Amino acid sequence: MTPEEDGSATTDGPVQASRRAGRALVEGAGSGIAAAVKGVRAFGRGVGAVAARGWSGLTAGRAQRAETRIEAAREAARLRALELGAPVAPRPIVAVGKAEAPTEPEAEPEPEPEPELEPEPELEPEAEAEPEAEPEPEPEPEPEPEPEPEPEPEPEPEREPVPTLSAGNRVRILSGRIVGMIGAAAEGTRRTATKAAKAVAPAGTAIKRGVVAGGRAVGTGLARFGKALGPAGAALGTGIIATGRGVGRALGRFGRSLGSIGGAGFERAGRALDRLGDAIGRRLRRARRAWATRPPRPRLWTSIGAGLVIIVSYVLAQASVASRVAPDTTVLGVDVGGIPIEEAQSLLEEQLTEVSSEMVSISAHGRVVLMDPEELGLSIDVESTLDSLSGFSWSPSALWQHAVGAGPIEPVVVIDEAVFTQAMDRAATTLSQEVREAEVALGPAGASVQAGQDGVDVDAGDIARAVLEAWPSDSPIAVPVEVTPATRDTGEAQRFARAVNGIVLGSPVVLSSPNGSVTLTPEDVVTHGMIVSDGPQFGLAMNQDTLGELILERLPRVENAAVNARFGFDSQHQLYVRPGVPARTLDVEALDDVVVHAVMSASRAGEIPLVETAPAVTTEDLESSDYQEIVATYYTEFTPREPSRERNIANAASKIVGMVVEPGEVFSITDAIGPITGANGYVSAGVIVGGVHTSGIGGGLCQIATTSYVAAYLAGFEIVERRGHTEWFSRYPAGRDAAIAEGIDMRFRNDTPYAMMFNAYVENAGLRVDIWSTPYYTVEASTSGKYNITGGGYRTETETPCYPSYPKNGFTITDTRKVYLDGELVRSEDRVSVYRAVSGTKCV
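Calculation criteria
- Residues numbered from 1 in each chain as written.
- Predicted model: local features only at pLDDT ≥ 70, side-chain atom pairs only at ≥ 80, totals over all residues.
- Heavy atoms only, no water.
- Helix = DSSP H or I, 4+ residues; strand = E, 2+ residues; numbered from the N terminus.
- Buried < 20%, exposed > 50% of the residue type's maximum accessible area, 1.4 Å probe, protein only.
- Contact = heavy atoms within 4.5 Å.
- Areas by Shrake-Rupley, 256 points an atom, 1.4 Å probe, with all protein chains shown as cover.
- Axes fitted to C-alpha atoms, helices over the stretch in contact; angles between N-to-C directions.
- Left-handed = near helix turned anticlockwise from the far one by under 90°.
- Nonpolar A, V, L, I, M, F, W, Y, C, P; charged D, E, K, R; others polar.
- Expected span 1.5 Å × (residues − 1).
- Phe/Tyr/Trp six-rings, centres within 6.5 Å; stacked < 30°, edge-to-face > 60°.
- Lys NZ or Arg CZ within 6 Å of the ring centre and 35° of its normal.
- Pairing = 2+ DSSP bridges.
- Core = buried A, V, L, I, M, F, W, Y, C linked by side-chain atoms within 4.5 Å.

(A) View of the overall build of the protein chain. Looking only at helices and strands, one finds 21 helices and 36 strands in the protein chain. Each of the 844 residues in the protein chain was classed as buried or not, and the buried ones make up 38%. When contacts within the protein chain are restricted to residue pairs at least 6 apart in sequence, those whose partners lie at least 24 apart make up 73%. As displayed, the protein chain offers around 45,800 Å² of accessible surface, 54% of which is attributable to carbon and sulfur atoms.

Dropping the structure here:
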């Protein structure tokens with residue numbers, strides 16, 4: 001179904017148009033060749049009959065010519081006698097046969113030389129065919145002797161002009177001559193017909209018989225035709241001239257048509273036939289002008305006969321070469337020149353089978369696809385190829401090729417359009433390729449390169465045109481392509497891969513932080529890394545999420561909570577600021593840049609990226625604080641030395657180091673060092689419970705309470721709660737000791753505008769407590785002497801174990817403190833302390 005039938009678009013692509021044109025040319029050429037073959041066969045049969053008749057008619061032509069001459073002589077003699085007045089009896093005209101020759105033949109006038117045709121520049125000379133030996137040569141007829149001219153009578157005075165021959169006689173004489181010439185031409189062409197019969201071996205005998213019989217028939221027919229030409233001589237001349245013109249014009253049009261249809265060869269043949277027709281027309285026009293301007297002469301008919309002989313000879317020459325291939329003819333390198341068509345066909349079918357079965361190589365941008373001609377729907381039509389080289393042709397180029405050789409001839413290619421179209425689509429798909437960028441990938445073996453490739457777009461129509469122009473050919477058929485270059489070059493990918501394998505994965509890298517460091521091995525980089533590309537460039541990137549998990553797994557402390565800045569005390573018990581610690585979290589988003597820079601650097605090191613949050617109390621905050629100096633300090637000794645008791649004192653002292661009491665706040669010793677439990681670091685030591693010495697958890701803590709109390713007392717702070725011991729211990733100042741127990745506490749208030757800070761530490765077998773602040777109060781302290789002294793005496797102890805002791809006196813003492821601010825007394829206090837007497841123990 002055509003596009004017009006199914007309603008699709010009627011505009012074809014170049015390939016479809018080429019296919020239709022090729023198909024139309026092949027079909028037209030095939031039809032023309034078939035018709036030409038039929039015409040040649042029919043022409044051969046006709047030529048055989050004409051040649052046969054021509055031979056048999058040669059004798060009749062001679063007899064007719066002799067009879068015509070005799071009749072003309074008699075008629076001239078009779079007219080001469082009438083002119084002289086002599087009686088003339090009518091004489092019958094007797095036909096002269098082969099054995100009888102005329103006694104006094106009338107001399108024929110010598111024909112005037114015809115002007116030669118100007119040579120056509122484009123016509124090439126045609127070589128004469130080499131004569132072949134004939135199996136049965138026939139004797140050529142002897143040339144007929146020319147009649148001797150009859151002597152003219154002497155002129156007599158006042159003689160009337162001798163009347164010329166009548167038109168009818170002239171026509172009869174001329175017809176006889178024409179018949180004779182045609183007979184001679186038939187004799188000349190007999191040999192050519194015999195050669196044609198030999199070339200067509202299977203029908204040689206029949207053609208020979210046809211030639212003989214045909215020659216006789218032609219002779220008889222021409223003799224009769226010559227007799228009948230007498231009454232219509234003038235009309236025949238005019239008709240021949242008009243026919244010549246028509247033949248010239250028709251041959252010209254035919255040549256031009258063949259030139260436009262069949263290409264250069266047909267065009268040259270058309271021009272040759274056109275020139276031949278023009279030449280015949282010019283000759284006939286000259287003959288007509290000569291006929292009209294001077295009395296008719298037999299010379300014109302001689303020229304016409306010569307032209308007819310030329311035409312018949314040309315036709316016979318074309319027929320003689322129709323059954324053979326021109327010399328030096330090759331088809332795809334197979335030499336078939338000068339051999340019969342049947343032999344050439346067998347040779348080509350044998351040789352071209354291998355040529356037409358060779359794989360067709362189609363290449364495009366370095367890619368090649370091999371396809372079988374059968375898969376392409378292509379084949380060589382040997383018969384059609386030979387039809388183009390043989391058969392009857394009007395073109396002089398056919399005779400020229402047989403004279404000089406045809407040379408290389410392209411074979412006729414048959415195309416299965418449906419199969420060919422599908423094959424071209426498959427070839428286009430195979431030869432085309434998508435553009436692929438060069439890639440670099442990381443794997444266990446390191447960086448590897450995947451080569452890139454340019455995109456190649458091959459059009460099926462371009463492949464079809466290239467194949468049709470080149471096939472059959474054993475060379476690769478190159479087709480045009482449209483190339484899309486790859487953006488990323490394979491060479492650049494290889495250079496980057498070498499850098500990754502040699503530098504990035506060359507050795508481990510170390511990432512450090514304030515809280516520790518992590519080592520990343522090349523395997524870690526491969527596992528958590530990836531290759532990225534930006535345009536034509538390549539780069540290394542890290543999977544930040546998985547790499548962050550790896551770092552936190554290997555170094556959990558890399559992250560920490562914030563720690564406020566605080567004060568500390570050095571080995572000389574001097575106050576200094578301990579900087580705060582910011583909160584640190586891993587900066588996952590920055591891992592990529594840090595790790596990539598580290599693995600590409602020569603140092604193979606980097607800093608773990610962290611996000612820091614400042615603490616609530618910074619160093620700057622503390623440096624501008626109130627803790628300028630020690631405003632009060634006090635020291636008490638460990639008497640007697642007891643390890644458990646000293647351990648409890650040291651533990652309690654550590655708990656108030658750095659403790660701050662803001663202005664207006666109340667400090668409680670039991671709150672600061674409590675709870676008094678073993679879980680809080682306290683152990684069992686000596687205590688007084690209800691006035692009885694015993695042991696208990698936290699024994700000895702009264703010493704830290706007393707030492708802290710005296711320091712606050714001397715700083716001028718307001719004493720909120722204080723209770724002395726029931727008995728006095730020499731390690732404490734009398735009237736200024738402080739006891740703690742359940743329900744008993746030591747408290748004071750910071751009633752200055754400055755904050756204060758404790759520092760407590762054990763040294764030199766004693767306890768010291770320092771208060772750091774800004775000086776504010778001035779204190780004057782004093783005590784009265786001991787009064788109300790009572791003796792303790794001894795008591796005897798019989799139980800074991802027994803601990804002997806000395807008795808203690810009881811007494812009362814008054815402690816006075818005066819507090820001044822800028823020299824003005826702001827507080828004056830008297831505290832009375834009563835201590836009981838304690839009996840000594842004697843063990844018995």
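(B) Broad picture of the packing of helix H12 (residues 417–431) against helix H13 (residues 460–470). Relative to each other, H12 and H13 sit at 115°, their axes nearing to 8 Å. In this structure, H12 meets H13 at a crossing whose hand is right-handed. Contact residues: H12 offers Phe-420, Met-424, Asp-425, Ala-427, Ala-428 and Leu-431, while H13 offers Ala-460, Ile-463, Ala-464, Val-467 and Leu-468. Partitioned by chemical class, the residues of the contact of H12 with H13 number 10 nonpolar, no polar and 1 charged.

(C) Quick look at helix H19 (residues 643–656). Over its 14 residues, H19 extends 21 Å from the first C-alpha to the last, a length consistent with the 20 Å expected when each residue adds 1.5 Å. Of the positions making up H19, those classed as buried are Arg-645, Glu-646, Asn-648, Ile-649, Asn-651, Ala-652, Ala-653 and Ile-656. Buried residues along H19 sit against strand S24 (666–668), helix H20 (669–673), strand S25 (684–689), helix H21 (702–715), strand S29 (756–763) and strand S30 (766–773). Phi for Gly-658, located one or two positions after H19, is positive at around 80°.

(D) Spatial organisation of the packing of aromatic side chains. Throughout the structure, instances matching the rule amount to 13 aromatic pairs. Ring geometry for Phe-729 and Tyr-732: centres 6.2 Å apart, planes at 80°, overall edge-to-face. Aromatic rings pair up to connect Phe-667, Phe-717, Phe-748 and Phe-758 into one cluster. Sitting above the plane of the Phe-729 ring, Arg-731 keeps its charged end 4.9 Å from the centroid. When the ring centre of Trp-728 is taken as origin, the NZ or CZ atom of Lys-786, which lies over that ring, is 4.2 Å away.

(E) Here's a closer look at the pairing of strand S14 (residues 516–520). On S14, burial follows the alternation: Gly-516, Val-518 and Leu-520 on one face are buried, whereas Ser-517 and Thr-519 on the facing-out side are not. Where strand S13 (residues 509–513) lies against S14, 5 bridges are found, and the strand directions are antiparallel. When the bridges of S14 are listed, Ser-512 appears paired with Ser-517. In this structure, the hairpin formed by S13 and S14 is closed by a connection of 2 residues.

(F) Highlighting the nonpolar core. Counting residues in hydrophobic clusters, the biggest one holds 38 residues, and the most contacted among them are Ile-362, Met-424, Ile-463 and Val-467. Among the secondary structure elements, those contributing two or more residues to this core are helix H8 (341–357), strand S3 (360–364), strand S4 (367–371), strand S5 (378–381), helix H10 (382–387), H12 and H13. Looking at which element gives the most residues to this core, the answer is H12, with 6 residues. With 37 residues, the next largest nonpolar core counts Tyr-682, Phe-717, Ala-738 and Met-756 among its residues.

(G) The arrangement of the environment of Val-826 in detail. Following the sequence through the fold, Val-826 ends up in strand S35 (residues 824–835). A residue is classified by how much of its surface remains accessible, and Val-826, at 40% relative accessible area, is partly exposed. For the pair Val-826 and Thr-778, spaced 48 residues apart in sequence, the C-alpha separation works out to 9.8 Å. Each residue touching Val-826, except ones within four places of it in the same chain, is listed here: Tyr-777, Val-819, Tyr-820 and Leu-821.

(H) Highlighting unusual backbone geometry. Residue Trp-471 is joined to Pro-472 through a cis peptide bond whose omega torsion reads 0°. When you line up the elements, Pro-472 lands in the loop between H13 and strand S11 (477–478). That bond from Thr-800 to Pro-801 is cis: its omega, 0°, falls within 30 degrees of zero. As for its position among the elements, Pro-801 is in the loop between strand S33 (794–797) and strand S34 (810–821).

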